[in-house]
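This is what each chain is made of:
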Amino acid sequence: MPPDEQDQPMPETPGRDRPPLFLALGRAVIGRCPQCGRGRLFAGYLRQVEHCSVCGEAWGHIRADDAPPWLTILLVGHIILPLAITVERVADWPDWVGMTLWPTLALALAALILPRAKAIMLTLIWLTRAHGSEPA
């Protein structure tokens, strides 16, 4: 394909094959379009693009609602709490260190996980053709 045509969106094809689950999820986790793997999935930190700039797949109509924060809280809690409990048992530092360290780590981890959780949820809704996954 000539370089000029590479950046042109492909027309939306109803019934186009969707990639396998783990390939689509892998693409989404790195912020790429789950369909083609080349276009961006997000226009901002959590705002998804309306359409992929490469393949034309529609993303703006899919709503993940509360699922990404739920998944983020679940993961952060299961990572930070065992770590904090283990370290606090053996650490001999003042209380203020732990009260500063653990919330800071939890917030940083949540900020890192949240967009990836949203990408995962958008991809799962799209792949399973769940209610709201098709443009109106």
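What you are looking at is a predicted structure, and each value in this text was computed from that prediction instead of being measured.

Draft legend 1. Quick peek at the nonpolar core. Formed by 27 residues in total, the largest nonpolar core has its most connected members in Cys-33, Cys-36, Leu-41, Cys-52, Trp-59 and Ile-62. Looking at this core, the elements with two or more residues in it are α2 (21-29), α3 (67-90) and α4 (95-127). Counting residues per element, this core draws most heavily on α4, which supplies 10 residues. When sequence neighbours within four positions are dropped, the list of residues in contact with Leu-41 reads Ala-28, Gly-31, Arg-32, Cys-33, Pro-34, Gln-48, Val-49, Trp-59 and Ala-119.

Draft legend 2. Quick peek at a nonpolar patch on the surface. A surface patch of nonpolar side chains, about 310 Å² in accessible area, is lined by Leu-21, Phe-22 and Leu-124. Examined against the element boundaries, Phe-22 turns out to sit in helix α2. We classify Phe-22 as exposed; its relative accessible area is 70%.

Draft legend 3. Fine view of α4. Across its 33 residues, α4 extends 47 Å between first and last C-alpha, which sits within 8% of the 48 Å expected from 1.5 Å per residue. Phi turns positive one or two residues past the end of α4, at Arg-129, with a value near 55 degrees.

Draft legend 4. Structural context of α3. The end-to-end C-alpha separation of α3 is 35 Å, in line with the 34 Å expected for 24 residues at 1.5 Å each. Among all positions of α3, only Pro-68, Leu-71, Thr-72, Val-76, Ile-80 and Ala-84 are buried. Against α4 lie the buried residues of α3.

Draft legend 5. Region of the structure containing unusual backbone geometry. Positive phi, close to 55 degrees, is recorded for Asp-65, a residue that is not glycine. Residue placement: Asp-65 occurs in the loop between α2 and α3. Looking at Asp-65, the relative accessible area reads 63%, which means it is exposed. For Arg-129, which is not glycine, the phi dihedral falls at a positive 55 degrees. When you line up the elements, Arg-129 lands in the segment after α4. Classification of Arg-129 as partly exposed rests on a relative accessible area of 47%.

Draft legend 6. The packing of aromatic side chains, seen in detail. As enumerated under the stated definition, the model contains one aromatic pair in all. On the numbers, 5.0 Å between centres and 50 degrees between planes, the contact of Trp-59 with Trp-126 is tilted. Pair noted here: Trp-59 is in the loop between α2 and α3 and Trp-126 is in helix α4, with a separation of 67 residues, a long-range link. Considered together, Trp-59 and Trp-126 belong to a single accessibility category, that of buried residues.

About the thresholds
- Residues numbered from 1 in each chain as written.
- Predicted model: local features only at pLDDT ≥ 70, side-chain atom pairs only at ≥ 80, totals over all residues.
- Heavy atoms only, no water.
- Core = buried A, V, L, I, M, F, W, Y, C linked by side-chain atoms within 4.5 Å.
- Buried < 20%, exposed > 50% of the residue type's maximum accessible area, 1.4 Å probe, protein only.
- Helix = DSSP H or I, 4+ residues; strand = E, 2+ residues; numbered from the N terminus.
- Contact = heavy atoms within 4.5 Å.
- Patch = residues over 30% accessible without salt bridge, like charges linked within 9 Å, V, L, I, M, F, W, Y side chains within 5 Å.
- Areas by Shrake-Rupley, 256 points an atom, 1.4 Å probe, with all protein chains shown as cover.
- Salt bridge = Lys/Arg side-chain N within 4 Å of Asp/Glu carboxyl O.
- Expected span 1.5 Å × (residues − 1).
- Phe/Tyr/Trp six-rings, centres within 6.5 Å; stacked < 30°, edge-to-face > 60°.

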